[in-house]
Amino acid sequence: ETGVTQSPTHLIKTRGQQVTLRCSSQSGHNTVSWYQQALGQGPQFIFQYYREEENGRGNFPPRFSGLQFPNYSSELNVNALELDDSALYLCASSGDRGGSPLHFGNGTRLTVT
Amino acid sequence: SQKIEQNSEALNIQEGKTATLTCNYTNYSPAYLQWYRQDPGRGPVFLLLIRENEKEKRKERLKVTFDTTLKQSLFHITASQPADSATYLCAGRDDKIIFGKGTRLHILP
């Protein structure tokens, strides 16, 4: 069983740039969700995809967008980067839309300068 | 606003003792609560899930309770070991998931 993998592990961008983060979900999982975790904070829900459709979104502006592909892998895109976007971005997969445990990757550490 | 609150201060426990972590929720009625462990530089790892109609769940040295009257969950680690040192996250799930900030647990040898 392959776990959740994220790439890249670290990334440095400049304010105003755009970034794409990638996630491969655990085999057999059709739901992917993304989280932003600032230092010393808990993960904050960004959005969730189920079978290639967004089906839940947290309090994040539209410059945070995503995609899920037919193989259930996913991308998180952030446009017009701001300094406050610096954080650990976590991807999690689960077996259905509901209450199944989340299986997290180890995240992408994004630094915006 | 909906909140999941955990004691954000670090908790120091002597090896062999029971560690008890608290999770309170406000303006929110989660259908279930989940507990995760997170080590530095790593993603959270799922530990236990408890539903609102369950009072208690156990898994090896771990026990979690869910009190809908107090709006609180307690997470216990019995016979604690230094390897249990980590940050523990509580998450409530209803139509969306909300995480607490986590509690850093240090088990002292």
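What this report covers is the structure whose coordinates are included nearby. Note that this is a predicted model, so its numbers are computed, not measured. (Residues numbered from 1 in each chain as written. Chains lettered and ligands numbered in written order. Predicted model: local features only at pLDDT ≥ 70, side-chain atom pairs only at ≥ 80, totals over all residues. Heavy atoms only, no water.)

All right, on to the overall build of chain A then. Counting its regular elements, chain A contains zero helices and 11 strands. Secondary structure elements in chain A, listed N-terminal to C-terminal, are β-β-β-β-β-β-β-β-β-β-β. Relative to the 2.2 N^0.38 estimate, which gives 13 Å for 113 residues, the radius of gyration of chain A is 13 Å and therefore close to what a compact globule would have. Across its three principal directions, the C-alpha atoms of chain A cover 40 × 25 × 25 Å. Within the span of chain A, comprising 113 residues, buried residues form 50% of the whole. When contacts within chain A are restricted to residue pairs at least 6 apart in sequence, long-range pairs at least 24 apart make up 53% of them. Surface accessibility of chain A: about 5,300 Å² in total, with carbon and sulfur atoms responsible for 46%. Averaging the locations of the 8 positively and 9 negatively charged side chains of chain A gives two centres separated by 5 Å. (Helix = DSSP H or I, 4+ residues; strand = E, 2+ residues; numbered from the N terminus. Rg over C-alpha atoms; globule rule 2.2 N^0.38 Å. Buried < 20%, exposed > 50% of the residue type's maximum accessible area, 1.4 Å probe, protein only. Contact = heavy atoms within 4.5 Å. Areas by Shrake-Rupley, 256 points an atom, 1.4 Å probe, with all protein chains shown as cover. Lys, Arg positive; Asp, Glu negative; His and termini not counted. Charge placed at Lys NZ, Arg CZ, Asp CG, Glu CD.)

All names here are of chain B. Among the secondary structure elements, Thr-103 is positioned in strand 11 (residues 103–108). Distance from Thr-103 to Tyr-36, taken between C-alpha atoms, is 11 Å for residues 67 residues apart in sequence. Beyond its immediate chain neighbours, meaning those up to four positions away, Thr-103 contacts Gln-6, Asn-7, Glu-9, Leu-11, Leu-21, Ala-86, Thr-87 and Tyr-88. A polar contact of 2.7 Å, which involves the side chain of Thr-103, links it to the backbone oxygen of Asn-7. (Polar contact = N/O pair within 3.5 Å; in protein donor to acceptor, adjacent residues only side chain to side chain.)

Now for the side chain of B:Gln34. Of note, B:Gln34 is situated in strand 4 (residues 32–38). Engagement of the side chain of B:Gln34 in a polar contact is seen with the side chain of B:Tyr36, the distance being 2.5 Å. Other than its neighbours up to four places away in sequence, B:Gln34 contacts A:Gly99, A:Ser100, A:Pro101, B:Phe46, B:Leu48, B:Leu49, B:Leu89, B:Cys90, B:Ala91, B:Arg93 and B:Ile97.

Residues and elements named next belong to chain A. Taken together, the four strands give an open sheet; going across it, the order is 1-3-8-7, and neighbouring strands pair in antiparallel fashion. Of all the strands in the sheet, the pair left with one neighbour each is strand 1 (5–7) and strand 7 (64–68). Across the sheet, the mean angle from the axis of one strand to that of its neighbour is 20°, orientation sign disregarded. Across five bridges, strand 3 (residues 19–24) lies against strand 8 (residues 74–78) in antiparallel orientation. Bridge pairing in strand 8 links Arg-22 to Glu-75. (Pairing = 2+ DSSP bridges. Axes fitted to C-alpha atoms, helices over the stretch in contact; angles between N-to-C directions.)

Quick look at the interface of chain B and chain A now. Contact with chain B, which involves 16 residues of that partner, is made by 19 residues of chain A. Counting the surface lost from both chain B and chain A, the interface buries some 1,400 Å², and carbon and sulfur atoms represent 53% of this. Counting every contact that joins chain B to chain A gives zero salt bridges. Linking chain B to chain A there are four residue pairs in polar contact (both at pLDDT 80 or more). Taken together, the elements giving at least two residues each to the side of chain B that touches chain A come down to strand 4, strand 5 (45–51), strand 9 (86–93) and strand 10 (97–99) of chain B. Sorting elements by how many residues they give to the side of chain B that touches chain A places strand 4 of chain B first, with four residues. (Buried area = accessible area lost by both parts, 1.4 Å probe. Salt bridge = Lys/Arg side-chain N within 4 Å of Asp/Glu carboxyl O.)

Turning our attention to the pairing of strand 6 (residues 56–59) of chain B. Residues and elements named next belong to chain B. The pairing of strand 6 with strand 7 (residues 62–67) spans four bridges and is antiparallel. Counted as the bridge partner of Lys-59 is Leu-62 from strand 7. If you look at the hairpin formed by strand 6 and strand 7, you'll find two residues sitting between the two strands, and Glu-60 has a positive phi there, around 55°.

This paragraph deals with the state of the cysteines. Residues and elements named next belong to chain A. All chains considered together, the criterion is met by two disulfides over all chains. One disulfide in the model links Cys-23 with Cys-91; its S-S distance is 1.8 Å. Taking the torsion about the sulfur-sulfur bond, which here is approximately -65°, the covalent link between Cys-23 and Cys-91 counts as left-handed. Highlighted residues: Cys-23 in strand 3 and Cys-91 in strand 9 (residues 87–94), separated in sequence by 68 residues. (Disulfide = S-S within 2.5 Å.)

A few words on the environment of B:Leu49. Within the secondary structure, B:Leu49 is located in strand 5. It is 9.2 Å that separates the C-alpha atoms of B:Leu49 and B:Tyr36, two residues lying 13 residues apart in sequence. Apart from residues lying up to four places away in sequence, B:Leu49 is in contact with A:Gly99, B:Tyr32, B:Leu33, B:Gln34, B:Glu54 and B:Lys57.

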